[in-house]
Amino acid sequence: MRAPGFALALLTELENSAPELLALLADQVEAGDAEAATGSLHKLKGATGIVCANHLCELARSGEIAGRDGDNQRLKSLLPEIRKGWDECRAFLPTLRERLS
């Protein structure tokens, strides 16, 4: 059974929340707050996993592990990849919406 309305709602939620979450993540990493960054990455991992944005979900998972390990250098190195992953995901959302409609 397909539930395109629910899927579209999830995509909209991701699209609305991800930019703020990524900005918060960047601030947390810049401040060296690996614990807070881990929480943000966990949220990103969950949101992207639900909509099957697998590449971005995997990047968030890698960041979450780095954050748990207190590896702020790894977090800093992942930020550009995560931003790029989000840009790619966001660019695909209109196509996905069209397919679901």
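A brief report on the enclosed structure follows. If you're wondering where the values come from, they're calculated on a predicted model, not measured in any experiment.

The largest bend along helix 4 (residues 72-100) measures about 35 degrees and falls at Leu 93, with the proline Pro 94 one to four residues further on. Those residues of helix 4 that fall on the buried side of the exposure criterion are Asn 72, Leu 75, Leu 78, Leu 79, Ile 82, Gly 85, Trp 86, Cys 89 and Leu 93. The inward-facing, buried residues of helix 4 contact helix 1 (4-30), helix 2 (34-50) and helix 3 (54-68).

Where helix 3 contacts helix 4, the axes come no closer than 9 Å and their chain directions differ by 160 degrees. On the basis of their axis angle, the class for helix 3 and helix 4 is roughly antiparallel. Like other packed secondary-structure pairs, helix 3 and helix 4 cross with a definite hand, here left-handed. Residues His 55, Leu 56, Leu 59, Ser 62, Gly 63, Ala 66 and Gly 67 of helix 3 lie in contact with helix 4, whose contacting residues are Arg 74, Leu 75, Leu 78, Glu 81, Ile 82, Gly 85, Trp 86, Glu 88 and Cys 89. Of the residues in the contact of helix 3 with helix 4, the class split is eight nonpolar, five polar and three charged.

What counts as what
- Each chain carries its own residue numbering, running from 1 in the direction its sequence is written.
- This being a predicted model, a pLDDT of at least 70 is required before a residue's local features are given, and a value of 80 or more before pairs of side-chain atoms are given or counted; all residues contribute to the totals for chains, interfaces and linings.
- Side-chain descriptors were evaluated using all non-hydrogen atoms of the structure, hydrogens and water having been removed beforehand.
- Two axes define the bend at a residue: one fitted to the seven residues ending there, one fitted to the seven starting there, and the bend is the angle between them.
- Under the DSSP-based scheme used, a helix requires at least four consecutive residues in state H or I and a strand at least two consecutive residues in state E, with every element numbered from the N terminus.
- Here's how the labels work: a residue is buried when its accessible area is under 20% of the maximum for its type, exposed when over 50%, partly exposed in between, all with a 1.4 Å probe on protein chains only.
- By definition in these notes, contact holds between two residues if any of their heavy atoms fall within 4.5 Å.
- Under this scheme, a helix contributes an axis fitted over its contacting stretch, all axes are lines through C-alpha atoms, and angles between N-to-C directions fall in the 0 to 180 degree range.
- An angle below 35 degrees is treated as roughly parallel, one above 145 as roughly antiparallel, one from 65 to 115 as roughly perpendicular, and anything else as oblique.
- Here a crossing is taken to be left-handed if its near helix is turned anticlockwise relative to the far helix by less than a right angle, and right-handed if that turn runs clockwise.
- Basically, the charged four are Asp, Glu, Lys and Arg, the nonpolar ten are Ala, Val, Leu, Ile, Met, Phe, Trp, Tyr, Cys and Pro, and anything else, Gly included, counts as polar.

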